[in-house]
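Listed here are the chains, written in short residue letters.
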Amino acid sequence: MSDAAEAEQTEQSKRAEGASRRRTIVLTGASSGIGTVAAEQLSALGNEVAVVGRNPERTRAIAERIGATPFLADFERLDDVRALADALLDRYETIDVLANNAGGLNHRRELTIDGHERTIQNNHLAPFLLTHLLRPRLEETAALGRDVRVVNTASLANRFGSLRLDDLDWERRRWAGGWRAYGTAKLATILFTVELAERLTGTGVTAYSFHPGTIATNFGRTSPLIRFGALVTRGTYGIPVEEGAAPLVRLAAESPVLAPSGTYFDRFTVNGATTAQAKDAQLGRDLWTVTQTLVGVGAPV
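Residues numbered from 1 in each chain as written. Predicted model: local features only at pLDDT ≥ 70, side-chain atom pairs only at ≥ 80, totals over all residues. Heavy atoms only, no water.

Glancing now at the overall build of the protein. Across its full length, the protein holds nine helices and eight strands. Going through the 301 residues of the protein one by one, you find that 52% of them count as buried. Taking the contacts inside the protein whose residues are at least 6 apart along the sequence as the reference set, 71% of them involve residues at least 24 apart. Surface accessibility of the protein: about 13900 Å² in total, with carbon and sulfur atoms responsible for 51%. (Helix = DSSP H or I, 4+ residues; strand = E, 2+ residues; numbered from the N terminus. Buried < 20%, exposed > 50% of the residue type's maximum accessible area, 1.4 Å probe, protein only. Contact = heavy atoms within 4.5 Å. Areas by Shrake-Rupley, 256 points an atom, 1.4 Å probe, with all protein chains shown as cover.)

Next up, the structure:
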């Protein structure tokens, strides 16, 4: 082999090795708000970002802008979540971070095609199912010696949540504009994260949840209270979306997280304030069992 050919082969090997080390981040809710900013910043840091969104035009535009791959999924359809998982597993041999960022507040109580209340499905049931379906790939990636994480977007709103396992769809309680249902769904996110961290012990995969802050985005645009707040403050309420995305970027980026798996962050502060139910380990285990039944999966997850 000539010196030139040998040098070219060496260079190709280096490029292949570099590609194999490139981190893959699956980011849901990437078509708006902090998800869009996080996708842009994580891509700029050299990560391969799977841009997951519900809106086709926005999702594709963002992916094209950052040189990423778009994936479409409506979390109000659990079949979409299953199809998304299949597409991701087909596309990526390794997944370093699953960032469950999709979710939201709904002013009116409505059911999804799967028969669940929209808020609990978008914020808890769908992310639980996606995590279940991607978990084997996450563990396989960690077995290669890589730092693998699940990052879940929660909220300070968990403090006014009230979780009832016999009423996750909010049929027996006053709706009140959806705020308590939203807080309850984010409480479920924190409990899910803690229980997931426990079940991932020894696999090399860690899990974290966080509150991004009160952000000036289109979040809760169906809520009259949110619209009123935006009106009286002329859209200046809350922190800029770039600041809101910062905790998500920090937890998904390559730098180590100096906190135990299962930790809930209030932005960058460890062990953020939660309702008492968020500390109930048995409730977290029971929620896991109920959720498995609702989304149609079984042990061992």
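What holds strands together in a sheet is hydrogen bonding between their backbones, with the strands either parallel or antiparallel. Taken in spatial order, the eight strands line up as β3-β2-β1-β4-β5-β6-β7-β8 in an open sheet, and their pairing is mixed. Strands at the two margins of the open sheet, each flanked by one partner only, are β3 (69–72) and β8 (269–270). When strand β4 (residues 97–100) meets strand β5 (residues 148–153), the two strands line up parallel, connected through four bridges. Of the residues in β5, the one forming a bridge with Ala99 is Val151. Of the strands in this sheet, β2 (48–53) and β3 touch helix α3 (residues 56–66), which is tilted by about 165° from β3. (Pairing = 2+ DSSP bridges. Axes fitted to C-alpha atoms, helices over the stretch in contact; angles between N-to-C directions.)

Okay, unusual backbone geometry next. Positive phi, close to 55°, is recorded for Ala176, a residue that is not glycine. With respect to the helices and strands, the residue Ala176 is situated in the loop between β5 and α6 (179–199). The exposure class of Ala176 is partly exposed, given its relative accessible area of 37%. Positive phi, close to 55°, is recorded for Arg267, a residue that is not glycine. Among the structural elements, Arg267 can be located in the loop between β7 (264–266) and β8.

Let us now look at helix α2 (residues 33–44). An ideal rise of 1.5 Å per residue puts 16 Å on twelve residues; α2 measures up with 17 Å between its terminal C-alpha atoms. Listed in full, the buried residues belonging to α2 are Ile34, Gly35, Thr36, Val37, Ala38, Ala39, Leu42 and Ser43. Check the buried side of α2 and you find it contacts β1 (24–27), β2, α3 and α8 (241–252). Following α2 by one or two positions, Gly46 adopts a phi angle in the positive range, close to 100°. (Expected span 1.5 Å × (residues − 1).)

All we've got here are geometric facts, nothing functional implied.
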